[in-house]
Amino acid sequence: MNSMSTRALAVARPVIQGLTVLNILYAVCITLLLAATFVMPGWMEKALGLDLVSKYPLVPIGLRAIVVTGVIGAAIVHAILRRLLAIVDTVRGGDPFILENAQRLDAIAWRVVALEGLRLVVIAIAAAVWEPGRLDGFSLAPWLAVLMLFVLSGVFAHGARMRADLEGTV
Amino acid sequence: MAIIVRLDEQLHARRMTLTELAARIDITLANLSILKTGKAKAIRFSTLEAICTALECQPGDLLAFDPALPSEE
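Scope of this entry: the structure provided in the associated data block.

Rules behind the numbers
Residues numbered from 1 in each chain as written. Chains lettered and ligands numbered in written order. Predicted model: local features only at pLDDT ≥ 70, side-chain atom pairs only at ≥ 80, totals over all residues. Heavy atoms only, no water. 1 Å grid on protein atoms, 1.4 Å probe; cavity = no way out; pocket = protein on both sides within 12 Å on 5 of 7 lines; lining within 4 Å. Points joined across faces, edges and corners; volume = space filled by probe spheres on them. Nonpolar A, V, L, I, M, F, W, Y, C, P; charged D, E, K, R; others polar. Helix = DSSP H or I, 4+ residues; strand = E, 2+ residues; numbered from the N terminus.

**Quick word on empty space enclosed by the protein**
Residue and element names in this part refer to chain B. Within the structure shown, the criterion is met by one cavity of 30 Å³ or more. There is about 40 Å³ of room inside the largest cavity. The wall of the largest cavity is formed by Val 5, Leu 7, Leu 35, Ile 43, Leu 48, Ile 51, Leu 62 and Leu 63. Its residues placed into classes, the lining of the largest cavity shows eight nonpolar, no polar and no charged.

**Details of unusual backbone geometry**
All names here are of chain B. With a phi close to 50°, Arg 15 is a non-glycine residue in the positive phi region. By secondary structure assignment, the location of Arg 15 is in the loop between helix H1 (7-13) and helix H2 (18-25). Notably, Glu 56 is not glycine yet its phi reads approximately 50°, a positive angle. Here Glu 56 shows up in the loop between helix H4 (45-55) and helix H5 (59-62).

**Quick notes on the environment of Ala128(A)**
Its location among the elements puts Ala128(A) in helix H5 (residues 99-129). In this structure the C-alpha to C-alpha distance between Ala128(A) and Gly62(A), which are 66 residues apart in sequence, comes to 8.0 Å.

Here it is in structure tokens:
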């Protein structure tokens, strides 16, 4: 393991824990925001000095739907961070090539797919209630990340099998 | 497993202990013990060569196949 990856591993745990806390805070804040749109309708537009509702009457409903999508996204990110932390712990413990890590990487890959799906949902909602094309569409990077995660999952599964073979080799 | 390890017989014939063999071939006693008790899944050629050199025997003296025994899988 080179010095860069050793340093990255050393900071990974606190960074993931910090991100987990930030993600929970984000989920709480947008949930409160969602509740506020029901208790005090129109306050956000007033606070921002925007008058979108007169031109786009479906915007409040669309914003609520986007906030719900955001809460779902936060739950997915939480699941990803928990699995990532478990993987980092196994690396720190010196035993990363286990089938559980391959399953975790597989689960992370599917959750990144779900997040990308949610992003497309947000774009679709924005296009429906606001103006089509206002939010960006397709991005290659998340799909490359998904591909890399599936490949890594396969590498870990293979590594786990090889390690199991080596364990009984004299 | 249908493969039988006859390390114990070879050691007994040469009045050698497992600890002595481990010291001669530079393999841990724990690993040799795994081999002796038939718990090993595989054996490296280098290990086999070292044991055969130390015990002055052939691989066939150490390993045997008994089809009556159940296979690992």
